[in-house]
Amino acid sequence: KAGVTQTPRYLIKTRGQQVTLSCSPISGHRSVSWYQQTPGQGLQFLFEYFSETQRNKGNFPGRFSGRQFSNSRSEMNVSTLELGDSALYLCASRSQGSNYGYTFGSGTRLTVV
Amino acid sequence: AQSVTQLDSQVPVFEEAPVELRCNYSSSVSVYLFWYVQYPNQGLQLLLKYLSGSTLVKGINGFEAEFNKSQTSFHLRKPSVHISDTAEYFCAVSESDDYKLSFGAGTTVTVRA
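Residues numbered from 1 in each chain as written. Chains lettered and ligands numbered in written order. Predicted model: local features only at pLDDT ≥ 70, side-chain atom pairs only at ≥ 80, totals over all residues. Heavy atoms only, no water.

Chemist: I'd love a proper account of the overall build of chain A, names of residues and values included.
Modeler: Counting its regular elements, chain A contains 0 helices and 11 strands. Reading chain A from its N terminus to its C terminus gives the helix and strand order β-β-β-β-β-β-β-β-β-β-β. In terms of C-alpha radius of gyration, chain A reaches 13 Å, essentially the compact-globule figure of 13 Å for 113 residues. With the C-alpha coordinates of chain A rotated into their principal frame, the extents come out at 45 × 25 × 25 Å. Within chain A, contacts between residues at least 6 apart in sequence are counted, and of these 53% link residues at least 24 apart. Across chain A, the centroid of the 12 positively charged side chains sits 5 Å from that of the 5 negatively charged ones. (Helix = DSSP H or I, 4+ residues; strand = E, 2+ residues; numbered from the N terminus. Rg over C-alpha atoms; globule rule 2.2 N^0.38 Å. Contact = heavy atoms within 4.5 Å. Lys, Arg positive; Asp, Glu negative; His and termini not counted. Charge placed at Lys NZ, Arg CZ, Asp CG, Glu CD.)

If you want it as structure tokens, here you go:
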């Protein structure tokens, strides 16, 4: 079974630009969640999607948004980038039932200059 | 809302010595508990999880953890570490129907020869 695929692995953007990150979950998984990891704030939950619906959202400004497509692939978008948005963005694919758990991708390293 | 406290930010240990990483959580409902490992510039890899049943959970690479409901703890142990265990370790909790993980701040384990 293929794992969670995140693209791109690395990005460098300029303040004020916008960026879109992509995540393909494990085949058959319908839940995708996003996390931001920074040295200062650690791992923080951004949002979770299940069957194209956002079910939970973390405490982030409206510049951070996401969506999920009918094939369960998800994208997150950050508009009007700030230096503080520099982080590792991780996507997780969730399995249900007796094998409940979260599998993470390798992440996208975003640097805002 | 749940919170997770990892009691040690850094743990130095000699090769072949045992190691214990401490994790406490707070939650008013039943939870699922996880330990993840992160190597530099990589995503999170699941070491083990507690969903229900036996409170002693065995994971990959010789790690195990014990769930203690009365003390709201989920400490991770390994009887004999290797140089390759040098990494950052994260404890995480998920409440049922919450659709997200809350992470501790992480514990950096450095194994020395």
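On we go.
Chemist: Please provide a residue-by-residue account of the pattern of salt bridges, values included.
Modeler: All told, the structure shown has 10 salt bridges over all chains when counted by the stated rule. Between E20 of chain B and R77 of chain B there is a salt bridge, with its nearest N and O atoms 2.8 Å apart. You can see E20 of chain B sitting in strand 3 (residues 19-21) and its partner R77 of chain B sitting in strand 9 (residues 73-78), a full 57 residues away along the chain. When its relative accessible area of 36% is taken as the criterion, E20 of chain B is described as partly exposed. Residue classification places R77 of chain B among the partly exposed residues on the basis of a relative accessible area of 27%. Taking the shortest distance from any N to any O, the salt bridge between K78 of chain B and D85 of chain B comes out at 2.8 Å. Here K78 of chain B and D85 of chain B have matching classes, each one buried. Here the salt bridges share partners, and the residues they tie into one network are R63, E82 and D85 of chain A. (Salt bridge = Lys/Arg side-chain N within 4 Å of Asp/Glu carboxyl O. Buried < 20%, exposed > 50% of the residue type's maximum accessible area, 1.4 Å probe, protein only.)

Chemist: So, the state of the cysteines: which residues are in play, and what are the values?
Modeler: Taken as a whole, this structure holds 2 disulfides over all chains when the rule is applied. The disulfide partner of C23 of chain A is C91 of chain A, and the S-S distance across this bridge is 1.7 Å. Across the S-S bond linking C23 of chain A and C91 of chain A, the dihedral sits near -55°, which makes this disulfide left-handed. Residue C23 of chain A is located in strand 3 (residues 19-24), and its partner C91 of chain A is located in strand 9 (residues 87-95); the two are separated by 68 residues in the primary sequence. C91 of chain A matches C23 of chain A in its accessibility class, with the two residues each being buried. At a sulfur-sulfur separation of 2.0 Å, the disulfide partner of C23 of chain B is C91 of chain B. (Disulfide = S-S within 2.5 Å.)

Chemist: Provide a residue-level description of the sheet that holds strand 1 (residues 5-7) of chain A, including the pertinent values.
Modeler: Residues and elements named next belong to chain A. A sheet is described by the order of its strands in space; here 4 strands give the open sequence 1-3-8-7, paired in antiparallel fashion. Pairing within the sheet leaves two strands with one partner each, and these edge strands are strand 1 and strand 7 (64-68). With strand direction ignored, the average angle separating the axes of adjacent strands in the sheet is 15°. Two strands pair when backbone bridges link them, and strand 1 and strand 3 are joined in this way by 3 bridges, in the antiparallel orientation. Bridging across to strand 3, T7 finds its partner in S22. (Pairing = 2+ DSSP bridges. Axes fitted to C-alpha atoms, helices over the stretch in contact; angles between N-to-C directions.)

Chemist: I'd like a rundown of the pairing of strand 8 (residues 74-78) of chain A, residues and numbers included.
Modeler: Residue and element names in this part refer to chain A. The element strand 8 is largely enclosed, with a buried count of 5 among its 5 residues. Residues S74, M76 and V78 of strand 8 are buried on one face, and the alternating residues E75 and N77, pointing to the opposite face, are buried as well. A loop of 5 residues connects strand 7 with strand 8, the two strands running antiparallel in sequence, and S72 in this loop sits at a positive phi of about 80°.

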